[in-house]
Amino acid sequence: MKPQPPKGTRDYLPPEMARRESALATVKGVFERYGYAPLETPALERLDVLIGKYGEESDRLIFRILKRGERGKRGEVDLGLRYDLTVPLARVMATHQDLPKPFKRYQIQPVWRAERPQRGRFREFFQCDVDCVGTASMLADAEIVAILHETLTALGFRRHRLSLNHRRILSAFMDAAGVRADVRTAAIRAIDKLDKIGKEGVEKELEKSGTTGEAARHILGMLLEPETVSFEAYVAAAEKAVGASDAGRAGLEEMKQLASYLGHFGVPEEVLSFDLHMARGLDYYTGPIYEALIPEAGLGSVGGGGRYDFLIAQLGGPDLPATGASFGLERLIALKAEQEEVPPAAYSQVLVAVYDETVLAEGLAAAAELRAAGLKAEIYLEPQAKLGKQFSYADAKGIPFVVVVGPEELARDVVQLKELASREQREVPRAELTAALAALVAKL
RNA sequence: GUGGGCGUAGCUCAGUCGGUUAGAGCGCCAGACUGUGGAUCUGGAGGUUGGGGGUUCAAGUCCCCUCGCCCACCCCA
C-alpha cells in the first residue's frame, strides 16, 4: 500500500501553489472589476438539493454520504458533495431571499464528481464561477461572456474561442426537424459532438440514437462547419432551423441582442463562434449557453455556462432569472503552464544564515527587522548547520537573497548580503541592511 | 458504468530463453573545499520487485485473483 491521495485528487505542493495563486489573483481581479463579490458555501449539500438538476447521467456522478449511525449502516444516504457551484448558489438565493438584486457573486471552490479520472479530468477540481441573479436582461449574459473573454486574455491566452448558442433555439430546431421526443436528448448530444467527430460522425451518432431519415437529413443540412461561425451565418441558419416556433424566434431575438451587447463590451468578433450544434450537458440551462475553448488544447472546454431561469424556483426559492459561467482552474493552469515557462516563485525573499549559535541572537534580530519592513524573511532553523548547508537550502527553495551574520561581521557591525542568481556579494553596514535589501528586492 | 495499457528505490526506468548477493541515472545524506549554494569527484542510506495464491529444483520474469495508477468511451471544467 502506497500512501497516495484518493483517485482523481491531487496534492498541491508549494511550487504548484505559487502558480495557482497567481492565476487565482488574475481571475479574481477580473471578476471583482465587474462588481462581483466573493461567496463560499459548504462542501456538503442535502442530497435532494443536488439530485435532479443536472440530468440523469450527472446524478449518478454525485458523491453521496451515508447517514450517521444505524441508518448509515443500512446504506441510507442524505448528503452529497457539491457537483458544481451553480446549484449551491441557487440554493443560497432560495435561502437568503433578501439579498439585493441583481445579485452578482463569484465563487472559487472545489467540486467533486465520481468519475473515472483522465487527462484533464479529476474527481476533485476547482471551479471559478461568476453568476448574476435577478435579471433576465441579455446585458447580464453579455457581461458574463465578456468576463469569460477578459479572464482568458488576462491569463495570457490569445487563441481562445467562445462558442455561443441558445437552448430554446436548439429545442425549436429539434422540433422543426421532427425529432421524436424520446430520443431528443440523444440527438442533441449527437450534434454537440460535431467539433470532435465531424458531420459524418454526427450522422452515425444520430442513427445510433434513433434519429434517422428526414429528421436526420434536416439536422445535418443545418449544421455549419465547426470553425468559427459568424453571427450572420448563424442567424440565417437558425431562422431556417427553428421554423415557425415562437420560442425559437424569441431565442433568436435574444441572441441578436446578446451579440449587439457583446460588441459594446468590446469582445472581438474573432473569438466568438455562433454554433447551432453547441448544447452543454446540464439540464438546468434555459437560454443562451456559452462554452470557452482553447482549440489546440485537446482537453475539452476550459469553461462554460449559460442562463438558468427556473433553477432557483425549482429549489423552492423565488422566481429569479439567472445566468453565469465557470472556469476549470486546473485546466486553465495546465494549459497556461504549457504556453509559458514560469519559474515558480519562492515564498521567502531572503534567508538569514547564521555562522553559529554565538550570533543567533543577531540573526534573529535581523530577520525580525526585515519582517517588520514587510519582507518575507526566514532564518535557518538549525544554527549549528554549516553555511554551505544553509546556502543550498536557499538555493533549493529558490530564495533569491542570503544574509550572512557571523562573528567577524558582528565585530565590525556589518553583514554580508548575497544575491544567489548573480553570485554577487557585498558587505553592508548592519544599520543599512533593511534598506539595502528592500532596494534589491524591488528590482527583481 | 464499458474497453484497453501498466505496476521494480523518493522520481524516470533497465533487468536476456525463468537461474543464485535486483541495477543505473536523477534526487537525498555525508565528505573532498578548514565562514558561502547550483559544477565536479568520492562514499553512504534507501527495494516484503503493489498485495495474495499457484506452476517450478528455481519466479521481478509464467498463470490466476486482488488492489492501485494511466489512456480511451460515456459525460464533463
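Residues numbered from 1 in each chain as written. Chains lettered and ligands numbered in written order. Predicted model: local features only at pLDDT ≥ 70, side-chain atom pairs only at ≥ 80, totals over all residues. Heavy atoms only, no water.

Participant: I'd like to hear about helix H12 (residues 246–264), residue by residue, with values.
Facilitator: Compared with an ideal rise of 1.5 Å per residue, which puts 19 residues at 27 Å, H12 spans 28 Å between its outermost C-alpha atoms and is within 8% of the ideal. Buried within H12 we find Gly248, Gly251, Leu252, Met255, Leu258, Ala259 and Leu262. Projected down its long axis, H12 carries its buried residues within an arc of 120°, all on one side. Exposed side chains of H12 directed beyond 90 degrees from the buried face belong to Asp246 and His264. Its buried side turned inward, H12 meets helix H6 (138–154), strand E7 (161–166), helix H7 (167–177), helix H11 (231–242), strand E8 (272–274) and strand E9 (288–293). For H12, the N-terminal capping position is held by Ser245, with its side-chain oxygen 3.3 Å away from the main-chain nitrogen of Ala247. Phi for Gly266, located one or two positions after H12, is positive at around 80°. (Helix = DSSP H or I, 4+ residues; strand = E, 2+ residues; numbered from the N terminus. Expected span 1.5 Å × (residues − 1). Buried < 20%, exposed > 50% of the residue type's maximum accessible area, 1.4 Å probe, protein only. Arc of directions from axis to C-beta. Contact = heavy atoms within 4.5 Å. Polar contact = N/O pair within 3.5 Å; in protein donor to acceptor, adjacent residues only side chain to side chain.)

Participant: Quick rundown of the protein's contact with RNA strand B? Include the residues and the values.
Facilitator: Lining the immediate environment of RNA strand B, one finds 41 residues, of which Arg113, Arg121, Arg189, Gly281 and Glu408 sit closest. What you see for RNA strand B is that sugar and phosphate hold 52% of its atoms within 4 Å of the protein. Between a sugar or linking oxygen of RNA strand B and a side-chain N or O atom of Arg113, the distance comes to 2.3 Å. Separating a base nitrogen of RNA strand B from a backbone N or O atom of Gly120 is a distance of 3.5 Å. Sorting elements by how many residues they give to the surface near RNA strand B places helix H16 (residues 387–397) first, with 6 residues. (Near = heavy atom within 4 Å.)

Participant: Could you give an account of the environment of Gly324, with specific residues and numbers?
Facilitator: Mapped onto the secondary structure, Gly324 falls in strand E11 (residues 322–328). Expressed as a C-alpha distance, the spacing of Gly324 and Ala140, which sit 184 residues apart in the sequence, is 8.5 Å. Apart from residues lying up to four places away in sequence, Gly324 is in contact with Val130, Asp131, Ile144, Tyr290, Gly305, Gly306 and Tyr308.

Participant: Report on the sheet that holds strand E12 (residues 350–354), specifying residues and quantitative values.
Facilitator: Two orientations exist for strands paired in a sheet by backbone hydrogen bonds: parallel and antiparallel. Read across the sheet, 5 strands follow the order E13-E12-E14-E15-E16 without closing on themselves; strand pairing throughout is mixed. Here the strands that pair on one side only, and so sit at the sheet edges, are strand E13 (377–379) and strand E16 (424–429). Each strand of the sheet is rotated relative to its neighbour by a mean of 25°, with strand direction disregarded. For E12 and E13, the ladder comprises 3 bridges, and the chain directions are parallel. Residue pairing for E13: Leu351 is matched across the bridge by Glu378. Here H16 sits on the sheet in contact with E12, E13, strand E14 (401–405) and strand E15 (414–419), set at roughly 170° to E12. (Pairing = 2+ DSSP bridges. Axes fitted to C-alpha atoms, helices over the stretch in contact; angles between N-to-C directions.)

Participant: Quick one: what's the story with the domain arrangement of chain A, residue by residue and with numbers?
Facilitator: Considered domain by domain, chain A is made up of domain 1 (1–136 + 309–345) and domain 2 (350–442). Of note, the centres of domain 1 and domain 2, computed from C-alpha atoms alone, are 43 Å apart. (Domains from an automatic or database assignment.)

Participant: Please set out the packing of aromatic side chains residue by residue, giving values where relevant.
Facilitator: The description of an aromatic ring pair uses the distance of the two centres, along with the angle that the planes make with each other. Applying the stated criterion across every chain yields a total of 10 aromatic pairs. Relative to Phe126, the ring of Tyr12 lies with its centre 6.3 Å away and its plane at 80°, an arrangement referred to as edge-to-face. Here the residue Tyr12 occupies a position in the segment before helix H1 (14–33), and Phe126 occupies one in strand E6 (residues 124–133), the gap between them amounting to 114 residues. The same class applies to Tyr12 and to Phe126, which are both buried. Site record: aromatic cluster; members linked through ring pairs are Tyr54, Tyr83, Tyr284, Tyr285 and Tyr308. In this structure, Arg20 is placed above the aromatic ring of Phe126, and the distance from its NZ or CZ to the ring centre is 4.9 Å. When the ring centre of Tyr83 is taken as reference, the NZ or CZ atom of Arg113 above it lies at 4.1 Å. (Phe/Tyr/Trp six-rings, centres within 6.5 Å; stacked < 30°, edge-to-face > 60°. Lys NZ or Arg CZ within 6 Å of the ring centre and 35° of its normal.)

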